[in-house]
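# Remarks on the overall topology
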Amino acid sequence: MAFRKLCPEQTEDNTCLAGFGYRIMACTLFHPLNYTKVLMQLGHEPLPLYSGRSMVYFGSKKYMLPNAIGYMRHIYCRDGFFGLFNGWHASVGSSLCGMLAYKKVYEYLDERFPDKEIKKDDLCVQRFSRNFVQLSKQTVAKVVSLIAAQPLRVIMLRTMAEFIGQEGGYRRGIVHSVKTIYNESGILGFFRGLMPELIAELCLMWITAQASFLIDRVYYELIAPEEEAEEEETAITVMDQPTPKQMFRHVVRLIVPYAASSFFYPFHLTSVLMAVNDCGLLCGQPPNCPVFEDWKHCFEYLKNTNQMKRGSKLFFRCYDGPVTYRNGEMYALSHIMMAKID
């Protein structure tokens, strides 16, 4: 059913070793980009500003921050090719732990609470009820997967954050990182930043699922009422010509999550900042960064300093904040973290 394919953890490929292989490959290919994004979220802007336009050839002239490609070039020049993969081991481990936990929990819940068959009478109510049950099972599985993945995610973020202060402690391996976090913060240190991540992921899941369901209903009620609502989807291959219904569903699954994710980006940003805050790293200590009491304090600080979208763009990064000068060049100076100029 269309609804069950909203979460990639439930696809058939992920039930075998091939699914784990694809996940490792994806983590490896996109790790340099993810690494760059995390450093942007932490407010580290080591490269000078330049004058450009907010769009490629259009838009007003503004001061621009270097894009992701320029940032990755800076990392490569300082740490070499393998420096682009700092934190890769923890990133892969976190992804696989979350994926495996989701799969096992959902299979258990699906076995204990199987989906009910839809009868011909009162189809709309039955479909909504079944989708609600499926979404509830997905929610429980998602919560467990995020909790299982968070310890390694914290290690990954702190390993990446060491690029700013060049401490190097978390690059010694996962075992050493586990000992460091436990000695500094105890068990709770492994779950720093978990709550805003849970809020963002669960809200995004529910809004995406319900919006997709409602749009799907509109399609059948207004656009194509003659089509069978519960028709099983067939795989779209290169040789097959997709039907209008299949095209509509796939477009909805692409647009709805993308549109909804921007509303919850501040929670993801808060989660990243809390994972490295007050942990002994230069990027999370005063005067470079305030020490936050909890994630709500961090969220409020970002809101008050108008930085809720910091690091959300990888290209066309306009900047109108405070600046500092060095060697005749102008650099960005973040409100929450003063950029360390290399």
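Residues numbered from 1 in each chain as written. Predicted model: local features only at pLDDT ≥ 70, side-chain atom pairs only at ≥ 80, totals over all residues. Heavy atoms only, no water.

In the nomenclature of an unreviewed UniProt entry, the protein corresponds to Mitochondrial carrier homolog 2 from the organism Trichuris muris. Here the protein is described in UniProt, under the heading Subcellular location (unreviewed entry), as follows: "Mitochondrion outer membrane". The Sequence similarities (unreviewed entry) field of the UniProt record for the protein holds the comment "Belongs to the mitochondrial carrier (TC 2.A.29) family." (UniProt positions renumbered as here; feature names shortened; annotations may be inferred.)

Quick look at the packing of helix α1 (residues 17–41) against helix α3 (residues 88–112) now. Closest axis-to-axis distance for the α1/α3 pair is 10 Å, and the angle between their directions is 145 degrees. In this structure, α1 crosses over α3, and the sense of that crossing is right-handed. Residues Gly19, Phe20, Arg23, Ile24, Cys27, Thr28 and His31 of α1 form the contact with α3, whose own contacting residues are Trp88, Ser91, Val92, Ser95, Leu96, Met99 and Leu100. Taken together, the residues that form the contact of α1 with α3 break down as eight nonpolar, five polar and one charged. (Axes fitted to C-alpha atoms, helices over the stretch in contact; angles between N-to-C directions. Helix = DSSP H or I, 4+ residues; strand = E, 2+ residues; numbered from the N terminus. Left-handed = near helix turned anticlockwise from the far one by under 90°. Contact = heavy atoms within 4.5 Å. Nonpolar A, V, L, I, M, F, W, Y, C, P; charged D, E, K, R; others polar.)

Let us look at the sheet that holds strand β3 (residues 317–319). With antiparallel pairing, the three strands of this open sheet are ordered in space as β1-β2-β3. Each edge of the open sheet is held by one strand with a lone partner, namely β1 (50–53) and β3. Ignoring strand direction, the axes of neighbouring strands in this sheet form an average angle of 65 degrees. Taken together, the four bridges between β1 and strand β2 (residues 61–65) define a ladder with antiparallel strand orientation. Counterpart to Gly52 in the pairing with β2 is Lys62. (Pairing = 2+ DSSP bridges.)

For the structure on display, the rule yields zero disulfides. Here Cys283 stays unpaired: no disulfide links it, and the sulfur of Cys279, its closest cysteine neighbor, is 6.0 Å away. Look at Cys283 and you get buried, because its relative accessible area is 2%. (Disulfide = S-S within 2.5 Å. Buried < 20%, exposed > 50% of the residue type's maximum accessible area, 1.4 Å probe, protein only.)

Here we come to the pattern of salt bridges. Where charged atoms of side chains with opposite charge meet at close range, the side chains can pair. This model, assessed by the stated rule, comprises six salt bridges. A salt bridge links Arg317 to Glu45, with the shortest nitrogen-to-oxygen separation between them at 2.4 Å. With a gap of 272 residues between them, Arg317 in strand β3 and Glu45 in the loop between α1 and β1 connect regions that are remote in the sequence. Neither Arg317 nor Glu45 differs from the other in exposure class; each is buried. Arg171 serves as the salt-bridge partner of Glu162, at 3.8 Å between the closest nitrogen and oxygen. Look at Glu162 and you get buried, because its relative accessible area is 0%. (Salt bridge = Lys/Arg side-chain N within 4 Å of Asp/Glu carboxyl O.)

The share of residues in the protein with pLDDT of 70 or more is 79%, and the mean pLDDT across the chain is 81. Counted against residues more than four places away or in other chains, residues 228–239, with its pLDDT under 50, gives 22 contacts. Every residue in residues 335–342 is under pLDDT 50, and counting partners more than four places away or in other chains gives 38 contacts. (pLDDT = per-residue confidence, 0-100.)

Below, the discussion takes up the packing of aromatic side chains. Tallied over the entire structure, the rule returns eight aromatic pairs. Relative to Phe85, the ring of Phe81 lies with its centre 5.5 Å away and its plane at 55 degrees, an arrangement referred to as tilted. The class of Phe85 is partly exposed, set by a relative accessible area of 22%. Geometrically, the ring pair formed by Phe267 and Trp295 is tilted, given 6.2 Å between the ring centres and 50 degrees between the ring planes. With Phe267 in helix α7 (residues 244–276) and Trp295 in helix α8 (residues 295–304), this pair connects stretches of sequence that are 28 residues apart. Looking at Trp295, the relative accessible area reads 21%, which means it is partly exposed. Following the ring pairs from residue to residue traces out a cluster consisting of Phe81, Phe82 and Phe85. (Phe/Tyr/Trp six-rings, centres within 6.5 Å; stacked < 30°, edge-to-face > 60°.)

Time to look at helix α2 (residues 68–79). Taking 1.5 Å per residue as the helical rise, α2 with its 12 residues ought to reach 16 Å, and the 16 Å between its terminal C-alpha atoms agrees with that figure. For α2, the set of buried residues is Ala68, Gly70, Tyr71, His74 and Ile75. Take α2 and look down its axis: the buried residues cluster within an arc of 165 degrees, on one side only. Among the exposed residues of α2, those oriented more than 90 degrees off its buried face are Arg73 and Cys77. Taking the backbone nitrogen of Ile69 as reference, a side-chain oxygen 3.1 Å away marks Asn67 as the first, capping residue of α2. Once α2 finishes, Gly80 follows within two positions and takes phi at roughly 85 degrees, a positive value. (Expected span 1.5 Å × (residues − 1). Arc of directions from axis to C-beta. Polar contact = N/O pair within 3.5 Å; in protein donor to acceptor, adjacent residues only side chain to side chain.)

Further remarks concern the pairing of β2. Note: β2 against β3, three bridges, orientation antiparallel. Paired with Met64 across the two strands is Cys318, which belongs to β3.

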